[in-house]
Amino acid sequence: MQTLTITHLEIQMNGITEALASIVLVHGGFVDGSGWEDVHRILTKDGYSVTVVQNPTTSLADDVAFTKRAIEAQGKPVILVGHSYGGVVITEAGNHPGVKGLVYVAAFAPDRGESVSSLIKDPVPGAPVPPILPPQNGFLALDKAKFAASFAGDVSAEKAAFMADSQVPWGVDALTGAISEPSWRTKPSWYLVAKDDRMIPPAAQRAMSQRAGSTVVEVPGSHAVYVSRPKDVAALIERAAKEVAAKEAAGKQVTAKQ
């Protein structure tokens, strides 16, 4: 019944649906935006306008600035999506008034004053340790030999090898960048937990999503779940867009009656 209601609202309130059809995707550390390709394909096929941010992962400030420029380029409300470190970026950039909802995909969802560094400094006993090599000239990389097992365990061996060889250096300043005001405190959020993640422990994902009050779904998948299970990821993004659209439509109807 709820699905039918949302569909009806989308048909009847076409202007609102269009206004909320812009999706902005933010990648995490060690990768670029090309990993969103299959998610992008599904969303655009379903009629959504999609922008993939090529954030440089040099510092949180730089990445937030890149993301805000992408938000402002839409000229309409946005559902902002982040994977991994991209969750930190959307937590800060999501304070932009154009953002109406947040979707975290196996991502960090920090609170005020927190950073990736502070969130990972005390790992859960027994949790896998990401194979991050010592920094070189202020940038980090993953051990190529351990990349597949840690980051992309459910991706084809060929693709995982390519991801390892095409890593984007992750700036140490990005890891230490702290959140000034978490947007999930004022914006609705959704969270996809990757149950086989060996970069961000699933227990940590559950704790962060619970703290943020997110609507949560869990799927089997590695840290690269956005690559290996694009249908699940796209489904959650579309759910977020539809639920926000329905809420906006209901609010418009109430206002019109007053």
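Residues numbered from 1 in each chain as written. Predicted model: local features only at pLDDT ≥ 70, side-chain atom pairs only at ≥ 80, totals over all residues. Heavy atoms only, no water.

Draft legend 1. Quick look at the side chain of Asp111. Within the element layout of this structure, Asp111 appears in the loop between strand S4 (99-105) and helix H6 (116-120). Residue contacts for Asp111: discarding those within four places in its chain leaves Ile179, Pro182, Trp184, Arg185 and Arg211. (Helix = DSSP H or I, 4+ residues; strand = E, 2+ residues; numbered from the N terminus. Contact = heavy atoms within 4.5 Å.)

Draft legend 2. A look at the environment of Ile132. You can see Ile132 is positioned in the loop between H6 and strand S5 (139-140). Take Ile132: its relative accessible area is 32%, and that puts it in the partly exposed class. With 14 residues separating them in the primary sequence, Ile132 and Lys146 have C-alpha atoms 9.5 Å apart. Sequence-distant contacts of Ile132, defined by excluding residues within four places in its chain, comprise Phe30, Leu140, Ala141 and Leu142. (Buried < 20%, exposed > 50% of the residue type's maximum accessible area, 1.4 Å probe, protein only.)

Draft legend 3. Structural context of the pattern of salt bridges. Taken as a whole and assessed by the stated rule, the structure comprises 9 salt bridges. When the shortest N-O distance is used, the salt bridge between Asp38 and Arg41 registers 2.4 Å. In this pair, Asp38 and Arg41 both sit in helix H3 (residues 37-45), 3 residues apart, roughly one turn of the helix. Judged by its relative accessible area of 33%, Asp38 falls in the partly exposed class. The exposure class assigned to Arg41 is partly exposed, which follows from its relative accessible area of 44%. (Salt bridge = Lys/Arg side-chain N within 4 Å of Asp/Glu carboxyl O.)

Draft legend 4. Molecular detail of the packing of aromatic side chains. Within the structure shown, the criterion is met by 5 aromatic pairs. With a centroid separation of 5.4 Å and 55 degrees between ring planes, the pair formed by Tyr85 and Trp170 is classed as tilted. Remark: Trp170 occurs in strand S6 (residues 170-171) and Tyr85 occurs in the loop between strand S3 (78-83) and helix H5 (86-93); sequence separation between them is 85 residues. Both residues of the pair, Tyr85 and Trp170, belong to the buried class. Judged by centre distance (4.9 Å) and plane angle (20 degrees), the rings of Phe147 and Phe151 are stacked. Remark: Phe151 and Phe147 occur in helix H7 (residues 144-151); sequence separation between them is 4 residues, near one turn of the helix. Across the pair, exposure class does not vary: Phe147 and Phe151 are buried alike. An aromatic cluster is defined as three or more aromatic residues linked by ring pairs; in this entry it consists of Phe30, Tyr85 and Trp170. A cation over a ring is seen here: Arg69 above Phe66, with NZ or CZ 4.7 Å from the ring centre. (Phe/Tyr/Trp six-rings, centres within 6.5 Å; stacked < 30°, edge-to-face > 60°. Lys NZ or Arg CZ within 6 Å of the ring centre and 35° of its normal.)

Draft legend 5. Focus on the environment of Leu236. Its location among the elements puts Leu236 in helix H12 (residues 230-257). Here Leu236 falls in the buried class, since its relative accessible area comes to 3%. When the C-alpha positions of Leu236 and Trp190 are compared, they lie 7.5 Å apart, and in sequence the two are 46 residues distant. Those residues in contact with Leu236 that sit more than four places away from it in its chain are Val103, Trp190, Tyr191, Leu192 and Val217.

Read these as geometric descriptors, not functional statements.
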